[in-house]
Amino acid sequence: MVTFGESMVLFTPDSSSLEQATNFTKRMAGAEGNVAVALARLGHQVAWISKLGDDGFGRYIVKTLRGEGVDVQHVQFDRDRPTAVFFKERSELYGTNVQYYRNHSAVSQLAVADVPLADFKEIGFLHVTGITPALSDLNRQTVLTILQRAKAQGIRVSFDPNIRFKLWSQETAIPVLREMAKYASVALPGLEEGELLTGSDKPEAIAAWFLAQGCELVVVKLGSQGAYYQTADTSGYVDGFTVKLVDEVGAGDAFAAGLLSGLLEHVPVADAVRRACALGAIAVCGVGDYESSPTRAELTAFLSGQTTDVKR
């Protein structure tokens, strides 16, 4: 699988709020990188393409991804623009709050030439999210052009809308995301995202809209309730897993990785969706965007009911 987008350095206060904190924990985070790590841990070959600042944060991200088994040979370093950072605080009362510092980051200058699909002999899926086109006008053009080229080359595209209104307005986002959907083989909207894009809050209607755009498989994420999937020939609901919520950030990325893992292995669609629900559930059991992603053995144990927690 190949994916491209922005990974950032995440700082979380070791205690209390951002206003009061004096100590922070540093981690890597970012949707496409999260998906890449989760798939690599399950034994899949994954390449991640991006631009990072020529700084300590950028080198930290590359070393982290390489250490997880992700192919980072197409990552470039920019001397003029920094690696993005963001901060996340979690309150039992107010939930998770995220503050981004990613304007004019290195990846905002990611151009079509920086995503050389031809360099890869075989691509099972090209995974894209709605985050990358939100980062700059150039990124928007890059994403749409790469999707057009992927479709022309017969490369299957996995599309997670992953709407972030802290990055762009609803009025700007929706037309772009609808355009991206036209190139997708697999779409993974959340229920609220599906409603924004299609006008319906019913999983069946949301799936039907994406299928009408040309998608082959649509999986509507329903949070702890599981997911609904639909193709031209089959459809159904898959129940979620009961786990203790620690941190919900990264669950959607883990879900995408689980689904893609199943599809890459050509398992039945319902089984691929169940794997997706399992990875999503495991993700919320720990702190960090990708740290809880399981190995193959841990996933097998979870699915067999041997464990409801992933401990490292």
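Refer to the structure presented above.
Residues numbered from 1 in each chain as written. Predicted model: local features only at pLDDT ≥ 70, side-chain atom pairs only at ≥ 80, totals over all residues. Heavy atoms only, no water.

What about the side chain of D289?
- You can see D289 is positioned in the loop between α8 (269–283) and α9 (296–303).
- Classification of D289 by relative accessible area gives buried; the value is 9%.
- A distance of 3.3 Å separates polar atoms of two side chains, one belonging to D289 and the other to N34.
- Here D289 is in contact with L10, M28, A29, G30, N34, K88, V249 and G250, once residues within four sequence places are set aside. (Helix = DSSP H or I, 4+ residues; strand = E, 2+ residues; numbered from the N terminus. Buried < 20%, exposed > 50% of the residue type's maximum accessible area, 1.4 Å probe, protein only. Polar contact = N/O pair within 3.5 Å; in protein donor to acceptor, adjacent residues only side chain to side chain. Contact = heavy atoms within 4.5 Å.)

Here's the deal with α9
- Looking at α9, one finds that the buried residues are L299, A301 and F302. Along the long axis of α9, the arc covered by the buried residues comes to 160°, so they all point the same way.
- Packed against the buried residues of α9 are α8.
- Directly after α9, the chain includes G305, whose backbone phi takes a positive value near 85°. (Arc of directions from axis to C-beta.)

A closer look at the packing of aromatic side chains
- This structure, assessed with the given rule, holds eight aromatic pairs.
- When the ring of F86 is compared with that of Y100, the centres are 5.5 Å apart and the planes differ by 35°; the resulting orientation is tilted. Linking F86 in strand β7 (residues 85–91) with Y100 in strand β8 (residues 95–101), this pair joins segments that are 14 residues apart in sequence.
- Look at F86 and you get buried, because its relative accessible area is 4%.
- Ring geometry for Y228 and Y237: centres 4.8 Å apart, planes at 50°, overall tilted.
- Here Y237 falls in the partly exposed class, since its relative accessible area comes to 47%.
- These aromatic residues form a ring-pair network of at least three members: F11, F24, F57, F87 and Y101.
- Cation over ring: K26 sits above Y60, and NZ or CZ is 4.1 Å from the ring centre. (Phe/Tyr/Trp six-rings, centres within 6.5 Å; stacked < 30°, edge-to-face > 60°. Lys NZ or Arg CZ within 6 Å of the ring centre and 35° of its normal.)

Some thoughts on the environment of S50
- Relative to the elements of secondary structure, S50 occurs in the loop between β4 (47–49) and β5 (51–53).
- The class for S50 is buried, based on a relative accessible area of 1%.
- Remark: the alpha-carbon pair of S50 and E122, spanning 72 residues in sequence, is separated by 19 Å.
- Contacts of S50, omitting those with residues within four sequence positions, involve G5, E6, H74, V75, Q76, V107 and L110.

Topic: the packing of α8 against α9
- Interaxial distance between α8 and α9 falls to 11 Å at its minimum, and their mutual angle equals 100°. Between α8 and α9, the angle is such that the two are roughly perpendicular. Judged by residue contacts, R274, R275, A278, L279, A281 and I282 of α8 engage R296, L299, F302 and L303 from α9.
- Looking at the contact of α8 with α9 residue by residue, the class counts come to seven nonpolar, no polar and three charged. (Axes fitted to C-alpha atoms, helices over the stretch in contact; angles between N-to-C directions. Parallel < 35°, antiparallel > 145°, perpendicular 65-115°, else oblique. Nonpolar A, V, L, I, M, F, W, Y, C, P; charged D, E, K, R; others polar.)

A word on unusual backbone geometry
- One non-glycine residue with positive phi stands out, namely H104, at about 60°.
- With respect to the helices, strands and loops of the structure, H104 is situated in the loop between β8 and β9 (126–129).
- The exposed category is assigned to H104, whose relative accessible area is 64%.
- For N162, which is not glycine, the phi dihedral falls at a positive 40°.

Overview of the sheet that holds strand β13 (residues 226–230)
- Taking strand neighbours across the sheet as the criterion, the eight strands line up as β4-β1-β9-β10-β11-β12-β13-β14 in an open arrangement whose pairing is mixed. Looking at which strands have only one partner, the edges of the open sheet turn out to be β4 and β14 (235–239). (Pairing = 2+ DSSP bridges.)

Regarding helix α5 (residues 191–198)
- When α5 is considered as a whole, its buried residues turn out to be E193, G194, L197 and T198. The buried side chains of α5 occupy one side of the element, clustering within an arc of 110° when seen end-on.
- Tucked inside the fold, the buried residues of α5 contact β10 (157–160), α4 (170–181) and α6 (203–213).
- In the stretch just after α5, G199 is the one whose phi turns positive, near 90°.

Concerning the pattern of salt bridges
- One pass over the full model with this rule turns up twelve salt bridges.
- R102 is the salt-bridge partner of E6, the closest N and O atoms lying 2.9 Å from each other. Placement of E6 in the loop between β1 (2–4) and β2 (8–13) and of R102 in the loop between β8 and β9 is noted, with a sequence separation of 96 residues between them. Taken as a pair, E6 and R102 share a single burial class, namely buried.
- A salt bridge links E265 to R296; the shortest N-O distance between them is 2.5 Å. In this pair, E265 is assigned in the loop between α7 (251–264) and α8 and R296 in helix α9, connecting sequence segments 31 residues apart. (Salt bridge = Lys/Arg side-chain N within 4 Å of Asp/Glu carboxyl O.)

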